[in-house]
Amino acid sequence: MQLDFLGDLRRTHMCGELRAEHIGQKVILLGWVNRRRDLGNLVFIDVRDRNGMTQLVFDKGENPAAHEKASALRSEYVIAAIGHVRKRDLDTVNPNIATGDVEVRVDELKLLNESKLPPFLPGDTDIANEEMRLKYRYLDLRRDKMQANIELRHKVALAIRQSLSERGFLEIETPFMTRSTPEGARDYLVPSRVHPGEFYALPQSPQIFKQILMISGFDKYFQIVRCFRDEDLRADRQPEFTQIDLEMSFPQPDRVFEVVEAFLQAAFKAAGHELTAPFPRMTYDEAMRQYGIDKPDMRLPAMTDIRKAFTDEDLTELRIDASMNMVAVRIPKVGKISDREKKEIRALSDELAQRNKEFAGVLYDFAQLEKKRPQAATKIRELCAADSEDLIVPVVAIAAAESKARTAANQHAQFTAAGEARLELARKYADRHGAFTRTGEVGNDFKLLWVTDFPMFEYDEKENHWNPAHHPFTSPHERDMDKLESDPGSVRALAYDVVLNGTELGSGSIRIHRQDIQEKIFRALGMSIPEMKERFGFFLEALEYGTPPHGGIALGLDRIVMILAGADSLREVIPFPKTAKAVDLMVDAPTPVSDVQLKELGIKIK
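About the thresholds
- Residues numbered from 1 in each chain as written.
- Predicted model: local features only at pLDDT ≥ 70, side-chain atom pairs only at ≥ 80, totals over all residues.
- Heavy atoms only, no water.
- Pairing = 2+ DSSP bridges.
- Helix = DSSP H or I, 4+ residues; strand = E, 2+ residues; numbered from the N terminus.
- Contact = heavy atoms within 4.5 Å.
- Axes fitted to C-alpha atoms, helices over the stretch in contact; angles between N-to-C directions.
- Domains from an automatic or database assignment.
- Expected span 1.5 Å × (residues − 1).
- Bend = angle between axes of the 7 residues up to and from the residue.
- Buried < 20%, exposed > 50% of the residue type's maximum accessible area, 1.4 Å probe, protein only.
- Phe/Tyr/Trp six-rings, centres within 6.5 Å; stacked < 30°, edge-to-face > 60°.
- Lys NZ or Arg CZ within 6 Å of the ring centre and 35° of its normal.
- Arc of directions from axis to C-beta.
- Parallel < 35°, antiparallel > 145°, perpendicular 65-115°, else oblique.
- Left-handed = near helix turned anticlockwise from the far one by under 90°.
- Nonpolar A, V, L, I, M, F, W, Y, C, P; charged D, E, K, R; others polar.
- Core = buried A, V, L, I, M, F, W, Y, C linked by side-chain atoms within 4.5 Å.
- Patch = residues over 30% accessible without salt bridge, like charges linked within 9 Å, V, L, I, M, F, W, Y side chains within 5 Å.
- Areas by Shrake-Rupley, 256 points an atom, 1.4 Å probe, with all protein chains shown as cover.
- Salt bridge = Lys/Arg side-chain N within 4 Å of Asp/Glu carboxyl O.
- Polar contact = N/O pair within 3.5 Å; in protein donor to acceptor, adjacent residues only side chain to side chain.

## Regarding the sheet that holds strand β21 (residues 550–556)
- Strands sit in the order β6-β9-β10-β21-β20-β19-β16-β11 across an open sheet of eight strands; the sheet is mixed. Either end of the sheet is taken by a strand with one partner, and the two such strands are β6 (170–171) and β11 (281–283).
- Bridge analysis of strand β10 (residues 240–249) against β21 gives seven bridges, and the strand direction is antiparallel. Bridging from a neighbouring strand, Met 248 pairs with Gly 551 of β21.
- Those strands touched by helix α4 (residues 144–166) are β6, β9 (220–228) and β10, and its axis lies near 150° from that of β9.

Structural data, given as structure tokens:
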């Protein structure tokens, strides 16, 4: 069929805009053929764009030429339709679409482009093969769900930009090609043709540059920025990702919290949700002791210390060492569980021990405890504020091995396994009663909080040295400065995370603004003076020129949109993502390059 040119034709309305008030108007619609229905003398075409869909009518008796042309249309052909809006007959009204009360009687049809038979249609709701979706991403992005997700991403990013701009922040771009300063993950390296044998690195974050902007006097910086990490992927990780990055001068943590809470409120409002601020706050130590994890899901009750429910005689008969931690996990409104489920709970003890080498513990059958120790069981229910429908699982835990270094993480190893049990039990039992849902589900209860006072250092047992728990530019607590060399494991950082329903949205800290303290941190990490100068000499020098106190945070935009979209993978909210093997199936990247290109760069592939 002969194709037409668009010429000077301009749409008058989007395909989802027409309503009863447009009846009688002449309109021009541009879009894709979603569906064709041929009833002989009448042909119906559903034309679609990102705004919605409208039914077109071609009547052979009124316009034979347009009717003949419409009969040849197929799915995903691109068309222009010129006609008049009219009311649908009562028995043909479609309540499932916004334009279902009206239709367009077409006077002229232009075919702007044809389409091969697609491997799947945008109207398909369940496409099992994700690789097919990613290979034909341009078709996948035509689907209503993907169109809505990408539009949501735009609205969220716009709301964040407006919130920060209103607070005096400037959006400033930082370089994509910089020097390699590994921050825990591998850098993506970019060879330099002009400087053979030398490499740029793609930034894992704009950390140093945003601190230099504070030294430069910009006071309040933000950027919605692409970052790159060459690391193993999961559903919530991509090699290139987008973060909401900000930094401000002369802040206390409270000021950073206020800014973040304001833009998160704006972002969630853009998605139709209301957040209440300020968010609750909890120290790392409290989070580990009460929840067994540094990103607690606040939709579930905290673990309860139940040591005082047992007498010394109880402990002796149960063969429980009085020095062990004893906590109870409570999952609300589970009801009665089966014998098979009780066995599964007991088996969870072994699973936890296998996953956590620092832990050996037991999950007790509460029903048996009620039979053998009714007084202790009653006291446990009282301590947990539990009713008869709640599932209670007592956990007795002890660290299986002592660490070479005293760190907060080692001290909390006993609580970590109990925290894992809490989440495993919640996923298994609470979901069936609606008491607990995945973070990604739309309409659930959003519970945000700040976790503060993280450990400054983590000890690497294999390498026998300290690593920064956050990054090496994080400031220690003023009261802990004198422990930097004598007891690094007990030093607290002015670091904080914002957490939503068990998912970390972002991390930040108050930074080091004095050169003497920055050098102390580098020494605590085992860096020599020459190594400091080699890796961070330019930054240490910049600190000598009147650096103000400063701090900031970075939040994952992809992750926030994923949660708001009710998706379970970042690939659902990123227009052109990579697979779990870091491959772009649509453009077939990465790929080999020619010998000529390699020779220009002075690179040989072994």
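That covers the picture; the talk isn't over yet.
## What to know about the domain arrangement of the chain
- Domain boundaries in the chain define domain 1 (20–113), domain 2 (146–275 + 504–595) and domain 3 (300–433).
- Between the C-alpha centres of domain 1 and domain 2 there is a distance of 47 Å.

## Here's the deal with helix α15 (residues 529–542)
- Its 14 residues place the ends of α15 only 16 Å apart at the C-alpha level, less than the 20 Å of an ideal helix rising 1.5 Å per residue.
- Helix geometry: α15 is bent most strongly at Phe 536, by close to 90°.
- Within α15, burial applies to Met 532, Phe 536, Phe 539, Leu 540 and Ala 542.
- Buried residues in α15 make contact with α5 (207–215) and α14 (515–524).

## A closer look at the pairing of β21
- The element β21 is largely enclosed, with a buried count of six among its seven residues.
- Of the pairings in the sheet, the one linking strand β20 (residues 503–510) to β21 comprises five bridges and is antiparallel in character. Counted as the bridge partner of Ser 507 is Ala 554 from β21.

## Re the environment of Val 593
- Mapped onto the secondary structure, Val 593 falls in the loop between α16 (557–565) and α17 (595–601).
- Measuring from C-alpha to C-alpha, the distance between Val 593 and Met 298 comes to 50 Å, with 295 residues separating the pair along the chain.

## What to know about the packing of aromatic side chains
- Following the criterion strictly, the structure yields 13 aromatic pairs and no others.
- Ring geometry for Phe 257 against Tyr 496: centres 5.2 Å apart, planes inclined by 90°, an arrangement best described as edge-to-face. Note that Phe 257 is positioned in helix α6 (residues 253–270) and Tyr 496 in strand β19 (residues 495–500), a separation of 239 residues in sequence.
- For Phe 257, a relative accessible area of 2% corresponds to the buried category.
- It is Lys 135 that lies over the ring of Tyr 136; its NZ or CZ is 5.7 Å from the centre.

## Quick notes on helix α1 (residues 64–71)
- Listing the buried residues of α1 in full gives Ala 66, His 67 and Ala 70. Each buried residue of α1 lies within a common arc of 100° when the element is viewed along its axis, so the set occupies one face. Opposite the packed face of α1, turned more than 90 degrees from it, sit the exposed residues Ala 65 and Glu 68.
- At its buried positions, α1 is contacted by β1 (26–38), β2 (42–49), β3 (52–59) and β5 (102–113).

## With respect to the packing of α4 against α16
- In contact at an axis separation of 10 Å, α4 and α16 are set at 125° when each is read in the N-to-C sense. Viewed along their axes, α4 and α16 adopt a mutual orientation that is oblique. Considering only the axes of α4 and α16, their crossing is right-handed. Residues Asn 149, Leu 152, Arg 153, Val 156, Ala 157 and Ile 160 of α4 touch α16, and the partners they reach there are Leu 557, Asp 558, Val 561, Leu 564 and Ala 565.
- Of the residues that constitute the contact of α4 with α16, the class distribution is eight nonpolar, one polar and two charged.

## Notes on the nonpolar core
- Core analysis: the biggest nonpolar cluster contains 43 residues, and Phe 263, Leu 264 and Leu 555 have the highest contact counts within it.
- Per-element tally for this core: the top contributor is α6, with eight residues.
- Beyond its immediate stretch of four places on either side in the chain, Leu 555 contacts Thr 242, Gln 243, Ile 244, Val 260, Phe 263, Leu 264, Val 498, Leu 505, Gly 506 and Ile 560.
- Among the nonpolar cores identified, the runner-up in size contains 23 residues, and Tyr 291, Leu 484, Ala 493 and Ala 495 belong to it.

## A word on a nonpolar patch on the surface
- On the surface, a cluster of nonpolar side chains totalling about 270 Å² of accessible area is made up of Phe 176, Met 177 and Tyr 200.
- Here Tyr 200 lies in strand β8 (residues 199–202).
- Judged by its relative accessible area of 32%, Tyr 200 falls in the partly exposed class.

## With respect to the packing of α14 against α15
- With their axes 12 Å apart at the nearest point, α14 and α15 run at an angle of 160° to one another. Relative to α15, the element α14 is oriented roughly antiparallel. Helix-helix and strand crossings are classified by hand; for α14 and α15 the assignment is right-handed. Residues Gln 515, Gln 518, Glu 519, Phe 522 and Arg 523 of α14 lie in contact with α15, whose contacting residues are Met 532, Phe 536, Phe 539 and Leu 540.
- Of the residues assigned to the contact of α14 with α15, the class counts are five nonpolar, two polar and two charged.

## Comments concerning the pairing of strand β17 (residues 457–460)
- Here β17 runs beside strand β18 (residues 465–468); their pairing, made up of four bridges, is antiparallel. Each bridged residue has a counterpart across the sheet, and for Glu 458 the counterpart in β18 is Asn 467.
- Counting the residues in the hairpin turn of β17 and β18 gives four residues, including Asn 464, whose phi is positive at 60°.

## Quick word on the side chain of Arg 48
- Mapped onto the elements of the fold, Arg 48 is located in strand β2.
- Among the polar contacts made by the side chain of Arg 48, one reaches the side chain of Asn 34 at a distance of 2.7 Å.
- Apart from the residues lying within four places of it in its own chain, the contact partners of Arg 48 are Cys 15, Gly 31, Trp 32, Val 33, Asn 34, Met 53, Glu 76, Pro 122 and Arg 142.

## Re the side chain of Asn 149
- Relative to the assigned elements, Asn 149 resides in helix α4.
- Note on Asn 149: relative accessible area 5%, which makes it buried.
- In this view, Asn 149 contacts Val 561, Ala 565, Glu 572 and Val 573; residues no more than four positions away in its chain are not counted.

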